[in-house]
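Coordinates in review
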Amino acid sequence: SLSLHAANQGLSGLEFAIGIPGTVGGAIVMNAGAHGSGMADIVTNVTVMDRGGNFFELTNSDLEFSYRSSKLKGKEYIVIEAVFKLKNGNVTEIKSKMDAYLSMRKAKQPWQYPNAGSVFKNPPGDSAGRLIEAIGAKGWQIGGAQVSQIHANFIINRGGATSQDVLALMEKVKEEVKQKFNIVLEPEVLILGG
């Protein structure tokens, strides 16, 4: 929604975010990104609130962005407001770029079923999806959770999947990749609760 709103205003910089599921706050906490760009590139500052109702303003450098992470990850803050640094651009060109990104997503990612996006971070110099596919995990299923046949780094809900189904499938994939390649996959998704 934010990507489209920016595009309609002729503002460039959020094209990469088209089709990324989630909220603006979640995207900032996780430093969401795609196509060589991420939230770290455009966020100038955010206002957060802690559990006590206290507000704090943090700058881009305060956030200590890194690959799929920020200083906010694991903290009990709620992102209340964010300021982005975008550039003026041509609406037609911005939307054309977004259409291309969205077409790539639809061709390579499982849009037909509910999912949380990429499950594991890409290890340095490699792709989590490639590793998971190489162990033959496409189609593996526990309960209603299944490793997507379209993109191996997505776990889809085929119907009735519980969080335990997803977590068990993640653990199975992680163990098999560790055994075959001696690489420990780290979750890209944030797991909340016990």
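Residues numbered from 1 in each chain as written. Predicted model: local features only at pLDDT ≥ 70, side-chain atom pairs only at ≥ 80, totals over all residues. Heavy atoms only, no water.

Topic: the overall build of the protein chain
We count it as follows: Secondary structure elements follow DSSP: runs of H or I no shorter than four residues count as helices, runs of E no shorter than two count as strands, and numbering proceeds from the N terminus. C-alpha atoms define the radius of gyration in this analysis, and the globule rule sets the expected value at 2.2 Å times the number of residues to the power 0.38. For every accessible area listed, the method is Shrake-Rupley and the probe measures 1.4 Å; residues are considered covered only by the protein chains on display. When charges are counted, Lys and Arg are positive and Asp and Glu negative, with His and the chain ends excluded. Each charge is placed at NZ for Lys, CZ for Arg, CG for Asp and CD for Glu.
For the protein chain, the count of helices and strands is six helices and eleven strands. For 194 residues, the compact-globule formula gives about 16 Å, and the C-alpha radius of gyration of the protein chain, at 18 Å, lands near that figure. Of the roughly 10800 Å² of accessible surface on the protein chain, 50% is carried by carbon and sulfur atoms. The average position of the 20 basic charges and that of the 18 acidic charges among the side chains of the protein chain differ by 5 Å.

What about the packing of aromatic side chains?
For clarity, the cut-off: Between 30 and 60 degrees the pair is tilted, below 30 it is stacked and above 60 it is edge-to-face, where a pair is any two Phe, Tyr or Trp rings, Trp via its six-membered ring, whose centres lie within 6.5 Å. Buried means the residue's accessible area, taken with a 1.4 Å probe over protein chains only, is under 20% of the maximum for its type, while exposed means over 50%, and partly exposed covers the values in between.
Tallied over the entire structure, the rule returns one aromatic pair. Ring geometry for F56 and Y77: centres 6.1 Å apart, planes at 65°, overall edge-to-face. Here F56, found in strand β5 (residues 55–59), pairs with Y77, found in the loop between α3 (60–63) and β6 (78–84); they are 21 residues apart in sequence, far enough to count as distant. For F56, a relative accessible area of 36% corresponds to the partly exposed category.

Quick word on the sheet that holds β6
Test applied: DSSP calls a pair of strands paired once it identifies at least 2 bridges connecting them. Angles run from 0 to 180 degrees between N-to-C directions of axes, and those axes are lines fitted to C-alpha atoms, restricted for helices to the stretch in contact.
Pairing in this open sheet of three strands is antiparallel, and the strands run β5-β4-β6 from one edge to the other. Looking at strand neighbours, the two that pair on one side only are β5 and β6, the edges of this open sheet. Neighbour-to-neighbour, the strand axes of this sheet turn through a mean angle of 20°, independent of strand direction. Of the pairings in the sheet, the one linking strand β4 (residues 43–49) to β6 comprises six bridges and is antiparallel in character. Among the inter-strand pairings, V43 is bridged to a residue of β6, identified as F84.

Some thoughts on the pairing of strand β11 (residues 154–157)
Where strand β8 (residues 115–118) and β11 come together, two bridges link them in antiparallel fashion. The residue bridging N115 from the neighbouring strand is I156, located in β11. Relative to β11, strand β10 (residues 145–147) runs antiparallel, the two being bridged by three bridges. In the strand pairing of β11, Q146 is matched with I156. Here β10 hands over to β11 after six residues, the two strands then running antiparallel side by side.

As for a nonpolar patch on the surface
Heads up, the condition is: Put simply, a patch holds well-exposed residues, over 30% relative accessible area, that have no salt bridge, with like charges counted together within 9 Å and Val, Leu, Ile, Met, Phe, Trp or Tyr side chains within 5 Å. Here, a salt bridge means any side-chain nitrogen of Lys or Arg that lies within 4 Å of a carboxyl oxygen of Asp or Glu.
A cluster of nonpolar side chains, contributed by F55, I78 and I80, occupies part of the molecular surface with about 310 Å² of accessible area. Of note, F55 is situated in strand β5.

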